[in-house]
Amino acid sequence: MKPTSFDGMTKAPHRTAQLTARWRWLSFGVRAEDTATQVRKIVQVNAGVWLLIGTVLIFNALFWLIGNEALIQSGLWQWPVMLAAPTVWWLNARRHLHAARWLMILLAMVDCLLAVAGGQGTASTVHVYFLLFAVMTPTLFAVEEWPATLILVVTNLGMFLALQFGHWPAHPAFALLDAHTQAMMIQSMVVSCVLILILMTMLTEIAAADNENRLIRLAETDPLTGLPNRRQFRQALEAEGSRMAREGGSFVLGVFDLDHFKRVNDEWGHDAGDQALVHIGHVVQGQLRAYDLVARTGGEEFVLLLPHTDLAEARLVVERIRQALEKDPFTYSGQARVITVSIGLALVSDAATMDQRLRQADEAMYQAKHEGRNRVCCAP
Ligand SMILES: Nc1nc2c(ncn2[C@@H]2O[C@H](COP(=O)(O)OP(=O)(O)OP(=O)(O)O)[C@@H](O)[C@H]2O)c(=O)[nH]1
């Protein structure tokens, strides 16, 4: 079996930067301090504007192709709303999020009414869009904004029912359309509503998955170094243990601790100490194979998980780490200082003894400290 790769799980990219990269055209107004739900709703409202503009443009093109006066007129009546729609982006960008949501829905409703009044009447069933708006409203507003949701859902349902049962006559030119084109118009209204609903649902799902991944990353990452934390290390250890129980072989656990780290803090300050920890994490990670794991489990204590490895191979890996640290001094405010580490290793060949071997790797690390630091010791 291919070893698990931990690559890519060790960085904690800034959330807004991540979002902006993915939703460049949908993230107007998103800020780093927003909650996951807020971000999703802002993105949805921004996407709603794109859909409104896109739908009006596509239908206008279709109406001109068909060349019917009633349809062309109803399409033209929608232009002012389409041109006003970017105001929603502007409101979001100015952080008037509540107003932006309201405007988005109201513009969509006015747009639909204009399509009805501008020539289609209820003959094309364009008023089915009011059902779509009723369904979408609860996803745009936060739970605590339920009065707005209630008002808009009831209004949109009411509009649909009123038009469905009240009937609004179409422009006389609509009757000139042959039966086939009239049927196509009705179908295209329903299909476009369903497509928009699918797109909005997918967007919601993608945003929810992004949020979930971000929360998992936060829960499993050390905020200072961006390395996996104790929780992720435990999960990887359990996974490696059960793999070994199934397939045999062995793996190696390592524990390492910075030498005389207190001096860095005392002489250069705590901030320098923090930067030193980041530096060490970076250098160590640069020496590991894709499927090895380094985690920060305590203040200045790190652990290594080296899958599919025996002690001889592990010694080579950690010796490489030790030498890399010697060659790459930590620099702070123009001063350089070599920071070394003491490393303890323990071979695990029986999954049942994993925790005991981890303790023994820790003891081996203390032995390395007692023997003079900047060295590797192996548990018997
Ligand atoms: N800057 C910073 N310092 C930390 C952090 N966690 C632990 N420390 C410091 O790490 C130092 C550990 O000191 P000691 O336990 O005496 O160990 P040491 O000086 O590294 O000496 P040996 O381990 O015996 O080589 C203390 O000064 C802690 O304040 C952290 O997150 N940031």
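About the thresholds
Residues numbered from 1 in each chain as written. Predicted model: local features only at pLDDT ≥ 70, side-chain atom pairs only at ≥ 80, totals over all residues. Heavy atoms only, no water. Helix = DSSP H or I, 4+ residues; strand = E, 2+ residues; numbered from the N terminus. Buried < 20%, exposed > 50% of the residue type's maximum accessible area, 1.4 Å probe, protein only. Areas by Shrake-Rupley, 256 points an atom, 1.4 Å probe, with all protein chains shown as cover. UniProt positions renumbered as here; feature names shortened; annotations may be inferred. Near = heavy atom within 4 Å. Polar contact = N/O pair within 3.5 Å; in protein donor to acceptor, adjacent residues only side chain to side chain. Nonpolar A, V, L, I, M, F, W, Y, C, P; charged D, E, K, R; others polar. Pairing = 2+ DSSP bridges. Axes fitted to C-alpha atoms, helices over the stretch in contact; angles between N-to-C directions. Contact = heavy atoms within 4.5 Å. Parallel < 35°, antiparallel > 145°, perpendicular 65-115°, else oblique. Left-handed = near helix turned anticlockwise from the far one by under 90°. Expected span 1.5 Å × (residues − 1). Salt bridge = Lys/Arg side-chain N within 4 Å of Asp/Glu carboxyl O.

### Structural notes on the overall build of the chain
And step 1. Along the chain, the regular secondary structure elements total 14 helices and seven strands.
And step 2. Considering the chain as a whole, with its 380 residues, one finds that 48% of them fall into the buried category.
And step 3. On the chain, roughly 18400 Å² of surface is accessible, and the fraction owed to carbon and sulfur atoms is 62%.

### Observations regarding the UniProt feature "transmembrane region" (unreviewed entry) in the chain
And step 1. Within the UniProt annotation, "transmembrane region" (unreviewed entry) is assigned to residues 47-66, 72-91, 103-120, 126-143, 150-168 and 188-208.
And step 2. Segment residues 103-120 splits into 100% helix and 0% strand. End C-alpha atoms: 24 Å apart.
And step 3. For residues 150-168, helix accounts for 89% and strand for 0%, while the C-alpha atoms at its two ends are 26 Å apart.

### Notes on the site of the ligand
And step 1. Taken together, 16 residues lie near the ligand, and His 260, Phe 261, Asp 274, Arg 296 and Arg 373 sit nearest.
And step 2. Within the backbone of Lys 262, an N or O atom sits 2.8 Å from an oxygen atom of the ligand.
And step 3. Arg 373 is positioned with one of its side-chain polar atoms (N or O) 2.8 Å from an oxygen atom of the ligand.
And step 4. Contact with the protein chains covers 67% of the free accessible surface of the ligand, which is 660 Å².
And step 5. Listing elements by their share of the shell around the ligand, those giving two or more residues are strand 1 (251-258), helix 11 (261-268) and helix 12 (270-286).
And step 6. No other element matches helix 12, which puts four residues into the shell around the ligand.
And step 7. The residue makeup of the shell around the ligand, split by class, is three nonpolar, five polar and eight charged.

### Concerning the sheet that holds strand 2 (residues 293-296)
And step 1. Read across the open sheet, the five strands follow the order 2-3-1-6-7; overall the sheet is mixed. On the outer flanks of this sheet lie strand 2 and strand 7 (376-378), each paired with one strand and no other. Neighbour to neighbour, the strand axes of the sheet diverge by 20° on average, direction disregarded.
And step 2. Where strand 6 (residues 341-348) and strand 7 come together, three bridges link them in parallel fashion. When the sheet's bridge partners are listed, Ile 343 is paired in strand 7 with Val 376.
And step 3. Helix 14 (residues 354-370) contacts strand 1, strand 3 (301-306), strand 6 and strand 7 of the sheet and is inclined by roughly 150° relative to strand 6.

### Some remarks on the packing of helix 2 (residues 36-66) against helix 5 (residues 86-93)
And step 1. Where helix 2 contacts helix 5, the two axes come as close as 9 Å, and the packing angle between them is 165°. In this view, helix 2 runs roughly antiparallel relative to helix 5, as classed from their interaxial angle. Once helix 2 is placed against helix 5, the crossing between them reads as left-handed. Within the contact between the two elements, helix 2 uses Ile 42, Val 45, Asn 46, Val 49, Trp 50 and Ile 53 and helix 5 uses Pro 86, Val 88, Trp 89 and Asn 92.
And step 2. For the contact of helix 2 with helix 5, the class distribution of residues is eight nonpolar, two polar and no charged.

### Here we look at the environment of Ser 349
And step 1. Within the fold, Ser 349 resides in the loop between strand 6 and helix 14.
And step 2. Considering only alpha carbons, one finds Ser 349 and Gly 249, 100 residues apart in sequence, at a separation of 6.6 Å.

### Considering unusual backbone geometry
And step 1. Despite not being glycine, Ser 333 shows a phi value in the positive range, around 50°.
And step 2. Mapped onto the fold, Ser 333 is located in the loop between strand 4 (330-332) and strand 5 (335-337).

### Focus on helix 12
And step 1. With 17 residues, helix 12 should cover 24 Å at 1.5 Å per step; its first-to-last C-alpha distance of 25 Å lies within 8% of that length.
And step 2. Every buried residue of helix 12 is listed here: Ala 272, Gly 273, Ala 276, Leu 277, His 279, Ile 280, Gly 281, Val 283 and Val 284.

### Digging into the pattern of salt bridges
And step 1. Summed over the entire model, instances satisfying the criterion amount to 15 salt bridges.
And step 2. A salt bridge links Arg 31 to Glu 33; the shortest N-O distance between them is 3.9 Å.
And step 3. Linking Arg 337 and Glu 267 is a salt bridge whose minimum nitrogen-to-oxygen distance equals 3.1 Å. With Arg 337 in strand 5 and Glu 267 in helix 11, the pair connects residues that are 70 residues apart, well separated along the chain.

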